[in-house]
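# Observations on chain architecture
So you can see what is in the structure, the chains are spelled out below.
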Amino acid sequence: MSTAGKVIKCKAAVAWEHNQPLVIEEVEVAPPQANEVRMKIVATGLCHSDLYYLCESMNKDGFPVIFGHEGAGIVESVGSGVTEFQPGDKVIPLCLAQCQECRFCKSPKTNLCEKWAAGEQDKMAFKTFSITCKGKTVLQFMGTSTFCEYTVMKEIAVAKIDSAAPLDKVCLFGCGISTGFGAAVNTAKVEPGSTCAVFGLGAVGLAAVMGCKFAGAKRIIAVDINPEKSKKAKVFGATDFVNPKDHKKPISQVLAEMTNGGVDYSLECVGNVAVMRSALESCVKGWGVSVIVGWTDLHDFAARPIQLIAGRTWKGSLFGGFKSKDGVPEMVRFYLNKKVKLDEFITHHMTLDQVNDAIELMKHGQCIRTVLSVSPQ
């Protein structure tokens, strides 16, 4: 029986309050309106950004909300005016849109989009009228809400992918893997033969290591306070592993001694302002480039001006610098053609009902990526 044009009742993990367990609820998902796509979410990853806004952010206004922004699914129906998608297409919802028309989308200098939820980025939970629960409108985190069996998105925030792609794996390209990989390849623009340091070896950091290797870096130093991350980092291309806790001197000095003055490129994938400064100071003067990748908005960061005056560059990377509609399908093709790894990031498979268990794994650093099965294909 066709569900097109009808409200769909389905299951979702709803966050009613800040820093409280998610609750599995029945929600109602409205049909897509003009220029919208309704999709069935097959699988989703759990990203630290979900955890950050659930437990760490100081903003308490973005509730109730359905988290999840690293998903993959199948188009169920489309609203009027949609020509790019049709029911049955395999798609990845995008937490950063690409309208392809605004001045940002037309510029090669950025991957931002002016039409994407203007004014709502601070709270990251966008108000739509697509999902309700118990008579209340539920916000959509990053405009996506993949912890729900069905979701509705603007067509400018959906990417069509190869029909051969396994949705329970390529869902990770919706955020973390693309973010880390692209930060190295697109933002840092790592050059062949260079030396790199990656700070923080979660999924984003490991993807950054993979990006450095993909770009041809000769030496890739993985930095983390968890010694168990060493073996995993080398799977993705790290040549060295350094645990700051093993040294009495600052990690920037350790790396400078290892590399004749500092690395060519450093990538901070933690979201910690002290680590951001260490990553900058680990770069060689003259031409070193340090990229901030880890997401946080809790504290100011600082550095001594001479560190930049001496020739270092400090820059940030959002979604790995990828223009999303173009970049995500490209990453899927890279995976299908065995140019990048993906399976190796997945340490746990769970169901949507087990989402709170998955959150606990991430809180305690016991996983790289957990993939939740949301709906059967």
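Residues numbered from 1 in each chain as written. Predicted model: local features only at pLDDT ≥ 70, side-chain atom pairs only at ≥ 80, totals over all residues. Heavy atoms only, no water.

## Quick look at the environment of Gln377
Structurally, Gln377 is set in the segment after β20 (369–373). Judged by its relative accessible area of 58%, Gln377 is exposed. As for Gln377 and Val42, which are separated by 335 residues in sequence, their C-alpha atoms are 6.1 Å apart. Setting aside chain neighbours within four positions, we find Gln377 in contact with Lys40, Val42, Ile74, Lys90 and Leu167. (Helix = DSSP H or I, 4+ residues; strand = E, 2+ residues; numbered from the N terminus. Buried < 20%, exposed > 50% of the residue type's maximum accessible area, 1.4 Å probe, protein only. Contact = heavy atoms within 4.5 Å.)

## Examining a nonpolar patch on the surface
On the surface, a nonpolar cluster with roughly 240 Å² of combined accessible area is contributed by Leu112, Trp295 and Leu318. Along the polypeptide, Leu318 turns up in the loop between β18 (313–316) and α10 (324–336). (Patch = residues over 30% accessible without salt bridge, like charges linked within 9 Å, V, L, I, M, F, W, Y side chains within 5 Å. Areas by Shrake-Rupley, 256 points an atom, 1.4 Å probe, with all protein chains shown as cover. Salt bridge = Lys/Arg side-chain N within 4 Å of Asp/Glu carboxyl O.)

## Remarks on the packing of aromatic side chains
Applying the stated criterion to the full structure yields 8 aromatic pairs. A centroid spacing of 4.9 Å and a plane angle of 65° characterise the contact between Phe67 and Phe141, whose relative ring orientation is edge-to-face. Highlighted residues: Phe67 in the loop between β4 (65–66) and β5 (70–78) and Phe141 in strand β10 (residues 139–141), separated in sequence by 74 residues. When its relative accessible area of 3% is taken as the criterion, Phe67 is described as buried. Here the aromatic residues Tyr52, Tyr53, Phe63, Phe67 and Phe141 are joined through ring pairs into a cluster of three or more. (Phe/Tyr/Trp six-rings, centres within 6.5 Å; stacked < 30°, edge-to-face > 60°.)

## Structural notes on helix α1 (residues 48–56)
Counting buried positions along α1 gives 7 out of 9 residues, so the element sits mostly inside the fold. Among the residues of α1, Ser49, Asp50, Leu51, Tyr52, Tyr53, Leu54 and Cys55 are the ones counted as buried. Buried residues along α1 sit in contact with β1 (8–15), β3 (36–45), β10 and α11 (355–363).

## Focus: the packing of α1 against α11
As a packed pair, α1 and α11 sit with axes 11 Å apart at the nearest point and diverge in direction by 95°. Between α1 and α11, the angle falls in the class roughly perpendicular. When α1 is examined against α11, the residues His48, Leu51, Leu54 and Cys55 are found in contact with a partner set consisting of Ile359, Met362 and Lys363. Across the contact of α1 with α11, the residue classes tally to 5 nonpolar, 1 polar and 1 charged. (Axes fitted to C-alpha atoms, helices over the stretch in contact; angles between N-to-C directions. Parallel < 35°, antiparallel > 145°, perpendicular 65-115°, else oblique. Nonpolar A, V, L, I, M, F, W, Y, C, P; charged D, E, K, R; others polar.)

## Some points on the pairing of β3
Counting buried residues along β3, 10 of its 10 residues qualify, which places the element largely inside the surrounding structure. Summarising the sheet, β3 and strand β11 (residues 150–154) pair through 5 bridges and their orientation is antiparallel. Residue pairing for β11: Val37 is matched across the bridge by Met153. Judged from the 3 bridges that link them, β3 and β20 form a sheet pairing that is antiparallel. (Pairing = 2+ DSSP bridges.)

## Points about the pattern of salt bridges
Tallied over the full model, the rule gives 15 salt bridges. Two residues, Arg38 and Glu76, come together in a salt bridge whose shortest N-O distance is 2.6 Å. Of this pair, Arg38 sits in strand β3 while Glu76 sits in strand β5, placing them 38 residues apart in sequence. The buried category is assigned to Glu76, whose relative accessible area is 14%. As a salt-bridge pair, Lys249 and Glu257 come within 3.0 Å of each other at their nearest N and O atoms. Taking relative accessible area as the criterion, Lys249 reaches 38% and is therefore assigned partly exposed. With a relative accessible area of 55%, Glu257 lands in the exposed category.

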